[in-house]
Every structure is written in structure tokens, then in C-alpha cells.
Amino acid sequence: MLTFTIRRLILAVPTLLFISLVIFLLLELAPGDPMAQVPLTVPPEVKEKMREALGLGQPMHIRFWKWIVQFFWIEPQVLVDHYLGTSFSAGDLRVISWQTRSPVMDIVIQRIPQTLWVVGTAYVVAILIALPIGIYSAYRQYSWFDQLGTFVSMVGFSVPPFFSGVLVIVIFSVQLGWFPSIYDTTHVVDSWDAFVYQLKQMIMPVMVLALQITAQLSRFMRASMLDNLNQDYVRTARAKGLSEYVVVMVHVLRNSMIPVVTVIALGIPSIFGGAIITEQVFKVNGIGQLLIGAIQANDLPMVQTLTFIFAVLIVLFNLIADVLYGILDPRIRYD
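Residues numbered from 1 in each chain as written. Predicted model: local features only at pLDDT ≥ 70, side-chain atom pairs only at ≥ 80, totals over all residues. Heavy atoms only, no water.

**Considering the overall build of the chain**
Check the secondary structure of the chain and you find 12 helices and 0 strands. Put simply, the chain runs from its N terminus to its C terminus through helices and strands in the order α-α-α-α-α-α-α-α-α-α-α-α. When burial is assessed residue by residue, the chain has 43% of its 335 residues classed as buried. By sequence separation, contacts in the chain at least 24 residues apart represent 69% of the contacts at least 6 residues apart. (Helix = DSSP H or I, 4+ residues; strand = E, 2+ residues; numbered from the N terminus. Buried < 20%, exposed > 50% of the residue type's maximum accessible area, 1.4 Å probe, protein only. Contact = heavy atoms within 4.5 Å.)

Set out below in C-alpha cells:
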């Protein structure tokens, strides 16, 4: 297992370099000019100097190389300096946002807590709800509980977040007045009342996201459980006199978790990517809203840095899912 992990980590380096090149080239070919939002009263020579200051006057390969060095070498040093109080990155040029003229990673770090509060909580809640529903629906196939779970899953799949988000705002905020309609990102939790308010403003966006994620995970869990409940090893375990709880919750569940682990692991990067539509509906100042704003402002350093971070997370959690396969199923070996 250790050899497989090291081999995959080494293979991830050229994979990520290729992904970074593709992202860079795609954004270079995209239409738009970062100087388009500069007022028309600014003289052309000043615009040209601004373009050079942003690094736009350099050849494409030089800009790509500088971005790679800044992302893989300088930004990790900034992180080390922040936590250890060192000065390895002093004076180094970082990835700068064209829109805010500040380091991209500093902005990302400011936005991540808001995204994790909402999207991360919704993902955890969805997992805790979806897995028991999927297990019991499969075990009691075609029962009223299974039928109800199927109906709720279909609703969760069918209703888009921009509709369900507005619907819960109208019901719980406008009509009932229970929760605030807009998420206050400046709210600081420093007392019990502040913590209660934080929970109140999280309930609606978490509810919308958890419904969609629960619908997906519960269907995967149910299908995987049904596939394993009819296997020969289940009949053998029951014939040996094992209790129904041990058969279902130990033998069947462990084998059924393999495809579900893939879905959960590959869904975790979306937590850091934010829920773009839901963050727009509830005005959550997170990563998703940051990406939309950067795209609208043609802020290429911000867009390519965020998309590359998502690519890194997907490669990483793919590896974690593969390692978990071997833990869940002893038959899987990576020798």
C-alpha cells in the first residue's frame, strides 16, 4: 500500500503540471481584456504601463513559468512564514489578483472559512442522513420508507438550488420570519447569542445543499446495498447463524461502501469549490462567489489559481479513495 501511494504521488506531479498547462492555455485563449474596465479617460500610454505591470507584455511561456514557480514554490513559503514566523518568502513576487491588486492566496484564505461553514456542514449533514436512509431503504426494499426515500431523492435531484433556495427564503424568512434571508459574512461568533445567530443563518443554505447531496448519496448507497444483499456470501453468513445486524451492518455494508466512498471522496473538493448557485442566492461571500466575480472581472490569475486548486484537490482525493478501497475490501491489493 505504501509503495502504491508513493507511486501515485509521483505520478500526480506530471498530471498536475499538464492540468496547469491546459488551464493556462484555455484562459489565454478566452476572450476579454483585463484593461477593458479601465476608464476611457486613462491615456493609452498609461494603460500600456498598467499592462506591463500586470505582466501581460511578457511572452506566454515566461508568464506560465512564473505562475508555476509562484504557486508551487513561493506560496508554500508564505504559508510556512505565516505559521512559523520565518521570512523565506520576503521580497518574492506572489500571484497577484488583477481585480484587487492583492495576493490571490490571501483572498482565498479569507473566503475559505465562510465556504467551509456552509458547504462543509451541508456535506457532513448529508452524509449522516443519506447513508442510514440508503441502508434501510435497501434492506426494506419497496416498503413505504423506501418509496418515501425514492420520492424525496427524486425531488432533491429535480429541484435546482436557485429554485429551492428562493423557496425556503420565501417560506422561512419572508412568511415565517424564522431565519435571516441574507448570510452575514461579517458576523463574529464571540458569545452564545452570536453562536445561535450563526446557526440560524446557516440553516437555510445548509438545508438546500444537504437536500441535493442527500438525494445523490442515498441512491448510491441503496443501489450498492441491493447489489450485495443478494450475493452468495450473505446467504452463507446467515446460514452460519450470524445475527441479521452483523450480516447487514458488517459484511454487506463494508462491501457496499466501496462505490459510495468514490462518490463521497470526489465530492469533497466541491466543498472547497463552494456552491456557486447557493452562495449567490444567500449572499454567502465564499469561494464560489469569488470565482464568479473573478470570471466576470476577467481576473485570470484568480480564475486559474482557483481552478488549479480544485484540480489538486480532485487528484488528492482520488488517491485517498483508492487507498480506502484496500482498507474496506481485503481482496484489493496494490502490490
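Next comes the rest of the account.
**Section: a nonpolar patch on the surface**
On the surface, Phe162, Phe163, Val166, Leu167, Val170, Ile171, Val174, Leu176, Trp178, Ile276 and Ile277 cluster together into a nonpolar patch covering about 990 Å² of accessible area. Elements supplying a minimum of two residues to the nonpolar patch: helix 6 (161-175) and helix 10 (276-282). Ranked by residues supplied to the nonpolar patch, first place goes to helix 6 with 7 residues. Tracing the sequence through the fold places Val174 in helix 6. Residue classification places Val174 among the exposed positions, given a relative accessible area of 57%. (Patch = residues over 30% accessible without salt bridge, like charges linked within 9 Å, V, L, I, M, F, W, Y side chains within 5 Å. Areas by Shrake-Rupley, 256 points an atom, 1.4 Å probe, with all protein chains shown as cover. Salt bridge = Lys/Arg side-chain N within 4 Å of Asp/Glu carboxyl O.)

**Quick notes on unusual backbone geometry**
The backbone of Tyr142 sits at a positive phi, close to 65°, despite the residue not being glycine. Topologically, Tyr142 is positioned in the loop between helix 4 (104-139) and helix 5 (144-158). The class of Tyr142 is exposed, set by a relative accessible area of 61%.

**Examining the environment of Leu128**
As for its placement among the helices and strands, Leu128 is situated in helix 4. A relative accessible area of 60% means that Leu128 is categorised as exposed. Distance in space between the C-alpha atoms of Leu128 and Thr214 is 8.8 Å, their sequence separation being 86 residues.

**Considering the packing of aromatic side chains**
In total, this model carries 6 aromatic pairs according to the counting rule given. Ring geometry for Trp144 against Phe145: centres 6.0 Å apart, planes inclined by 80°, an arrangement best described as edge-to-face. When the ring of Phe172 is compared with that of Phe179, the centres are 6.1 Å apart and the planes differ by 45°; the resulting orientation is tilted. Among the aromatic residues, those joined into a ring-pair cluster are Tyr136, Trp144 and Phe145. (Phe/Tyr/Trp six-rings, centres within 6.5 Å; stacked < 30°, edge-to-face > 60°.)

**Quick look at the packing of helix 4 against helix 7 (residues 192-229)**
Angle between the axes and distance between the axes are the two parameters that describe a pair of packed helices. Closest axis-to-axis distance for the helix 4/helix 7 pair is 5 Å, and the angle between their directions is 35°. The handedness of the crossing between helix 4 and helix 7 comes out as right-handed. When grouped by side-chain class, the residues that make up the contact of helix 4 with helix 7 number 26 nonpolar, 6 polar and 1 charged. (Axes fitted to C-alpha atoms, helices over the stretch in contact; angles between N-to-C directions. Left-handed = near helix turned anticlockwise from the far one by under 90°. Nonpolar A, V, L, I, M, F, W, Y, C, P; charged D, E, K, R; others polar.)

**Section: helix 6**
Along an α-helix, a turn takes 3.6 residues, which lines up residues three or four apart on a common side. When the terminal C-alpha atoms of helix 6 are compared, their 20 Å separation across 15 residues agrees well with the 21 Å that a helix rising 1.5 Å per residue should span. A bend of about 25° at Ile169 is the largest found in helix 6. Residues of helix 6 that are buried sit in contact with helix 7 and helix 10. The positive-phi residue at the C-terminal boundary of helix 6 is Gly177, with phi of around 70°. (Expected span 1.5 Å × (residues − 1). Bend = angle between axes of the 7 residues up to and from the residue.)

**Some remarks on the UniProt feature "transmembrane region" (unreviewed entry) in the chain**
When the UniProt feature table is mapped to this numbering, "transmembrane region" (unreviewed entry) covers residues 116-139, 151-174, 194-215, 257-277 and 308-328. Across residues 116-139, helical content stands at 100% and strand content at 0%; the span's end C-alpha atoms are separated by 34 Å. Taken end to end, residues 194-215 has its terminal C-alpha atoms 32 Å apart, with 100% of it in helix and 0% in strand. (UniProt positions renumbered as here; feature names shortened; annotations may be inferred.)

**Focus on the nonpolar core**
The biggest cluster of nonpolar side chains holds 29 residues, and the ones touching the most others in it are Leu217, Met221, Met225 and Met257. Taken together, the elements giving at least two residues each to this core come down to helix 4, helix 7, helix 8 (232-239), helix 9 (244-273) and helix 12 (300-328). Ranked by the residues each element gives to this core, the list is headed by helix 9, at 11 residues. Once you skip the residues sitting within four places of it in the chain, Leu217 turns out to touch Ile127, Ala130, Val263 and Ile264. With 27 residues, the next largest nonpolar core counts Val104, Met105, Ala294 and Ile309 among its residues. (Core = buried A, V, L, I, M, F, W, Y, C linked by side-chain atoms within 4.5 Å.)

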